[in-house]
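The lines below spell out each chain.
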Amino acid sequence: MLVIDHKEELKATIQGHRTKNRSIGFVPTMGALHEGHLSLVRKALSLNDVVVVSIFINPTQFDNQEDLKKYPQNLQQDIALLQSVSKNILLFTPSKEGIYDGTVVSGSYNFNGLEKVMEGTYRTGHFNGVATIVELLLNAVAPDNAFFGEKDFQQLQIIKKLVETKKLPYRIIGCPIARETNGLARSSRNERLSTPTRKKAGFIYETLTTAKTKFGTESALDIKDWVKNVFEKSPYFKLEYFEIADTDTLTPILKKQRNKTYRAFIAVYAENVRLIDNIALN
Ligand code: PAF
């Protein structure tokens, strides 16, 4: 598998594939790859001739420097995993200065309020950092299709909005959440949990699936109260937020309306590790 560090070399390699009429898929990641990432890569391979995977821990999207320092890294294992999937993968591992063209700072974006709720409330500047790096990476790779997991559903909606407002000619494809056997959404952060807590963390998904069942008959407000109560009783997990929000606008609601679709979103701390998840409700 070709591993490329420099943007110019990446562009030249992709140009070579383009002259042979090969389509390009793109899966951006921050490394510490797991089955969730590999499911995106497989989806990308099913729709494209060549798939570029990037590994870059983007400093500008971390509002918490401790979280950035502790972010798991294992490049050799990541390379081995990608090699086991296909030979049609190209790995891009840029440096900070290389991908940011020198100055490592975020741009400032307006996504019609999508960036202000939930993750946007609790992680100041996070989506400016995400949008900045995703725009830089998309323009470096110039893929036909780029693949993002629904685990970060708010991020996915924001990236779709980014591509729409900047008129970028790339198709953004959302992919279903990959889960561990107990239902815990797969995340590189799960590695930081102790084994007993990781096992117990299936509780987060259980709560979401019960909320989904309740959504058929109970009000959004009652469900929010119920989730709050359930977490208050838990000695292992601390709830940061639980919201029921409109799927398109991500505006949290207390009252349902007909002909709209909703999702439930949750952020939880377990052993100081922040975990997020979400589920379609209707
Ligand atoms: O979802 C992620 O891993 C990151 O936010 C992304 C999209 C790779 C940007 O750094």
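Residues numbered from 1 in each chain as written. Predicted model: local features only at pLDDT ≥ 70, side-chain atom pairs only at ≥ 80, totals over all residues. Heavy atoms only, no water.

**Comments concerning the overall build of the protein**
Consideration 1: When its secondary structure is counted, the protein shows 11 helices and 9 strands.
Consideration 2: Its C-alpha atoms put the protein at 55 × 40 × 35 Å along the principal axes.
Consideration 3: For the protein, with 282 residues in total, the buried portion stands at 52%.
Consideration 4: Look at the contacts in the protein between residues 6 or more apart in sequence, and 72% of them connect residues 24 or more apart.
Consideration 5: Total accessible area computed for the protein in this model is approximately 13500 Å², and 49% of it derives from carbon and sulfur atoms.
Consideration 6: The positive charge centre, built from 38 side chains, and the negative charge centre, built from 31, are 3 Å apart in the protein. (Helix = DSSP H or I, 4+ residues; strand = E, 2+ residues; numbered from the N terminus. Buried < 20%, exposed > 50% of the residue type's maximum accessible area, 1.4 Å probe, protein only. Contact = heavy atoms within 4.5 Å. Areas by Shrake-Rupley, 256 points an atom, 1.4 Å probe, with all protein chains shown as cover. Lys, Arg positive; Asp, Glu negative; His and termini not counted. Charge placed at Lys NZ, Arg CZ, Asp CG, Glu CD.)

**Some words on the nonpolar core**
One broad trend across soluble globular proteins is that nonpolar side chains are buried collectively.
Consideration 1: Counting 43 residues, the largest nonpolar core has Leu10, Val52, Ile99, Val134, Leu138 and Ile172 as the members making the most contacts within it.
Consideration 2: Considering every element that reaches this core, the biggest residue donor is helix 7 (residues 126-141), with 9 residues.
Consideration 3: Residues contacting Val52, with those up to four places away along its chain left out, are Leu10, Ile14, Ile24, Gly25, Phe26, Val27, Leu90, Phe92 and Val141. (Core = buried A, V, L, I, M, F, W, Y, C linked by side-chain atoms within 4.5 Å.)

**Regarding helix 4 (residues 75-85)**
Consideration 1: When helix 4 is considered as a whole, its buried residues turn out to be Asp78, Ile79 and Leu82. Down the axis of helix 4, the buried set is contained in an arc of 100°. They therefore lie on one face. Opposite the buried face of helix 4, at more than 90 degrees from it, the exposed residues are Gln76 and Ser84.
Consideration 2: The secondary structure elements touched by the buried residues of helix 4 are strand 1 (2-4), helix 2 (35-47), strand 3 (50-55) and strand 4 (89-92). (Arc of directions from axis to C-beta.)

**Observations regarding the site of the ligand**
Consideration 1: Near the ligand the following residues occur: Pro28, Thr29, Met30, Asn58, Gln61, Ile133, Val134, Phe148, Asp152 and Gln155.
Consideration 2: Gln61 places a polar side-chain atom, nitrogen or oxygen, 2.7 Å from an oxygen atom of the ligand.
Consideration 3: Here an oxygen atom of the ligand and a side-chain polar atom of Gln155 are 2.7 Å apart.
Consideration 4: Relative to its unbound accessible area of 290 Å², the ligand is 88% covered by the protein chains.
Consideration 5: Residues belonging to the shell around the ligand are distributed by class as follows: 5 nonpolar, 4 polar and 1 charged. (Near = heavy atom within 4 Å. Polar contact = N/O pair within 3.5 Å; in protein donor to acceptor, adjacent residues only side chain to side chain. Nonpolar A, V, L, I, M, F, W, Y, C, P; charged D, E, K, R; others polar.)

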